[in-house]
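# Overview (structure and organization)
One letter stands for each residue in the lines below.
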Amino acid sequence: MDEIYRVEELRLKVLKLLRERGTPMKSGPICLALGLPLWAVTAALESALKGGLVSYEPVLGFGVVVAELKAKIEPTDWSAA
């Protein structure tokens, strides 16, 4: 029996898992952790990658992009204002 998944919901589940783990993961362990088929996780990861929500390193796997955190850490240069 074929199952139907919503990519947006899967993407949220994958992002939540990656945030909770705090370390990059490959697609296989993500499938096992969420109990989802590979094709569904792949669709969610591709969507998140295109949206700039995750990054991919071949050795490490997928990790959450934390742009907001980077902005908070970098000092602001007020001299140009």
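In short, a report on the structure. Here the residue numbering is sequential within each chain, running from 1 through the sequence in written order. Given that this is a predicted model, residues contribute local features only at a pLDDT of at least 70 and side-chain atom pairs are listed and counted only at 80 or more, while totals for whole chains, interfaces and linings are drawn from all residues. Note: side-chain values were computed over all heavy atoms of the structure, leaving out hydrogens and water.

### Here's the deal with the nonpolar core
Residues belong to a common nonpolar core when they are buried Ala, Val, Leu, Ile, Met, Phe, Trp, Tyr or Cys residues joined through side-chain atoms within 4.5 Å. Burial classification: accessible surface area is computed with a 1.4 Å probe over protein chains only, and a residue below 20% of its type maximum counts as buried, one above 50% as exposed, and the rest as partly exposed. Val 14, Leu 18, Ile 30, Val 41, Leu 45 and Val 54 are the most contacted members of the largest nonpolar core, which has 16 residues in total. Only helix H1 (7-21), helix H2 (27-34) and helix H3 (38-50) provide two or more residues apiece to this core. Contacts: residue pairs with any heavy atoms within 4.5 Å of one another. Sequence-distant contacts of Leu 45, defined by excluding residues within four places in its chain, comprise Val 14, Ser 27, Ile 30, Val 54 and Phe 62. The secondary structure listing takes helices from DSSP runs of H or I that are at least 4 residues long and strands from runs of E that are at least 2 residues long, numbered from the N terminus.

### Focus on the environment of Leu 17
By the element assignment, Leu 17 lies in helix H1. For the pair Leu 17 and Ala 33, spaced 16 residues apart in the sequence, the C-alpha separation amounts to 8.3 Å. In this structure, Leu 17 is in contact with Met 25, Ile 30, Ala 33 and Leu 34, ignoring residues within four places of it in sequence.

### Some remarks on the pattern of salt bridges
Salt bridges, as used here, are contacts in which a Lys or Arg side-chain nitrogen is within 4 Å of a carboxyl oxygen on Asp or Glu. Under the criterion given, the structure shown has two salt bridges. The partner of Arg 6 in a salt bridge is Glu 9, with the nearest N and O atoms 3.8 Å apart. According to the relative accessible area criterion, Glu 9 is partly exposed, its value standing at 47%.

Just geometry here; none of it tells us what the structure is for.
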